[in-house]
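What follows is each chain in one-letter form.
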Amino acid sequence: MKNLLSLEKLERNDMETILGRAAVFKRDRATHSRTLLAGQTWALIFSKSSTRTRVSFEVGLREFGAQVMFLSAGEIQLGRGEPIKDTARVMGRMIHGAVIRTFAQTDVEEFARYSGLPTVNALTDSEHPCQILADIFTITERRGPMTGKVVTFIGDGACNVPLSWVFAAARLGFELRIAAPKGYQPPAELLQRAGGNVVVTEDIAAAVRGADVLYTDVWVSMGKEQESAQRLHDLSRYQINDAVVKLARPDALVMHCLPAYRGKEIDEATFEAHADTIFTQAENRLHAQKAIIHWMVS
Ligand code: CP
Ligand code: NVA
């Protein structure tokens, strides 16, 4: 039984298998077999909002022949306090796989353990593994292998997206730079545990100079809404804009996992100038996640 709960746990060869397969599923979307999950029912259990993750998993699972159930956590007994481990044991007796978006990483891990189902982390407070696999697929599609590349993340460096980037850097041998103010940087213990070539700094210019990829995410992640005013204040300098882009390589990709808040983590002109990359990145969630599911069940 394979799960995708964290990039920390994903071996390099499995990552490469998924990335290679994503390209095939993208190329052959119209013609590939529709029977991988025929006769199966998969559930999406979401405790947070989603557009891309929900749509791409629903479409991808259907393209493999599965039936899909979307369960908003607030509308099932989970939202009224039924334990994860009981929910998991019920689901484990009825369905064939689960895709979960929630707060605590331990909840996804507990669900996988008690359900016995192939389980995907569709974002927790700690990681967003599907996003980063799709992003790496996008970079390699446009710029070739990751080896030797410099990826610079600017913004809230302590949220799920940059933390998954840290684990990916350790596996794939590229340089990751995180430009974030103190208090928004990845925990030192996590950086040490992950290893890899990761530089964390408050200095945006130093982080961006010579970068192949500039990447950002929202300043206020889901669940942090009560900190909005403080975050907007603390992160106000950590924006991708024209001045920042000019410091990177001339052909640097500008990426955003979306949703984007113009005038906050990225300005309108920069976002629109790089919209083709950003929406290809969103599209690639579909192909990468199909590759993840294929890897899990094969
Ligand atoms: N990037 C991403 O995961 O988007 P959604 O929150 O819309 O799923
Ligand atoms: N860091 C963001 C990612 C959204 C896809 C959040 O958790 O809200």
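To be clear, the structure that these remarks concern was listed above.
Quick look at the structure, then. Computed from a predicted structure; not experimentally measured. (Residues numbered from 1 in each chain as written. Chains lettered and ligands numbered in written order. Predicted model: local features only at pLDDT ≥ 70, side-chain atom pairs only at ≥ 80, totals over all residues. Heavy atoms only, no water.)

**Section: the nonpolar core**
Stated precisely, the cut-off is as follows: Residues belong to a common nonpolar core when they are buried Ala, Val, Leu, Ile, Met, Phe, Trp, Tyr or Cys residues joined through side-chain atoms within 4.5 Å. Exposed residues in this analysis have more than 50% of their type's maximum accessible area, buried residues have under 20%, and partly exposed residues fall in between, with area computed by a 1.4 Å probe over protein chains only. Per the convention used, a helix needs a DSSP run of H or I reaching at least four residues, while a strand needs a run of E reaching at least two, with both numbered from the N terminus. Residues count as neighbours in contact if any of their non-hydrogen atoms are within 4.5 Å of one another.
Residues I136, W165 and F174 are the most contacted members of the largest nonpolar core, which totals 58 residues. Of all the elements, helix α6 (residues 160-172) adds the most residues to this core, at eight residues. Not counting the four nearest positions on each side in its chain, I136 is found in contact with L19, M146, W165, A168, L172 and F174. Listed in part, the 21 residues of the second largest apolar core include V150, V245, I266 and A282.

**Some words on the site of ligand 1**
Where we set the bar: Think of it this way: one heavy atom of a residue within 4 Å of a molecule or strand is enough to make that residue near it. Here a polar contact is taken to be a pair of N or O atoms separated by no more than 3.5 Å, where protein atoms must pair a possible hydrogen donor with a possible acceptor and residues adjacent in sequence count only if both atoms sit in side chains. To measure how exposed things are, a 1.4 Å probe is used in the Shrake-Rupley method; for residues, cover is taken only from the protein chains shown.
S50, T51, R52, T53, R101, H128, Q131, C257, L258 and R285 make up every residue found near ligand 1. Between ligand 1 and T51 there is a distance of 2.7 Å, counted from an oxygen atom to a backbone nitrogen or oxygen. Within the contact set of ligand 1, a nitrogen atom lies 2.9 Å away from a side-chain nitrogen or oxygen of Q131. Within the complex, the protein chains bury 95% of what would otherwise be the 250 Å² of accessible surface of ligand 1.

**Quick look at the side chain of N160**
Relative to the helices and strands, N160 is located in helix α6. Engagement of the side chain of N160 in a polar contact is seen with the backbone oxygen of T124, the distance being 3.0 Å. Not counting chain neighbours up to four residues away, the residues in contact with N160 comprise L123, T124, D125, S126, E127, H128, D217 and S221.

**Observations concerning the packing of helix α1 (residues 12-27) against helix α12 (residues 275-297)**
The condition is simple: Geometry is summarised by axes, namely lines fitted to C-alpha atoms with helices restricted to the contacting stretch, and by angles between N-to-C directions that run from 0 to 180 degrees. Helix crossings get a hand from a simple test, with the near helix turned counterclockwise from the far one by less than a right angle marking a left-handed crossing and a clockwise turn marking a right-handed one. For this classification, Asp, Glu, Lys and Arg are treated as charged, while Ala, Val, Leu, Ile, Met, Phe, Trp, Tyr, Cys and Pro are nonpolar and the rest, including Gly, are polar.
Where α1 contacts α12, the axes come no closer than 8 Å and their chain directions differ by 120°. For the pair α1 and α12, the sense of crossing is right-handed. On α12, the residues touching D14, T17, I18, R21, A22, F25 and K26 of α1 are T280, E283, N284, H287, A288, K290, A291, I292, H294 and W295. Across the contact of α1 with α12, the residue classes tally to seven nonpolar, five polar and five charged.

These results come straight from atomic positions and should not be treated as a statement about function.
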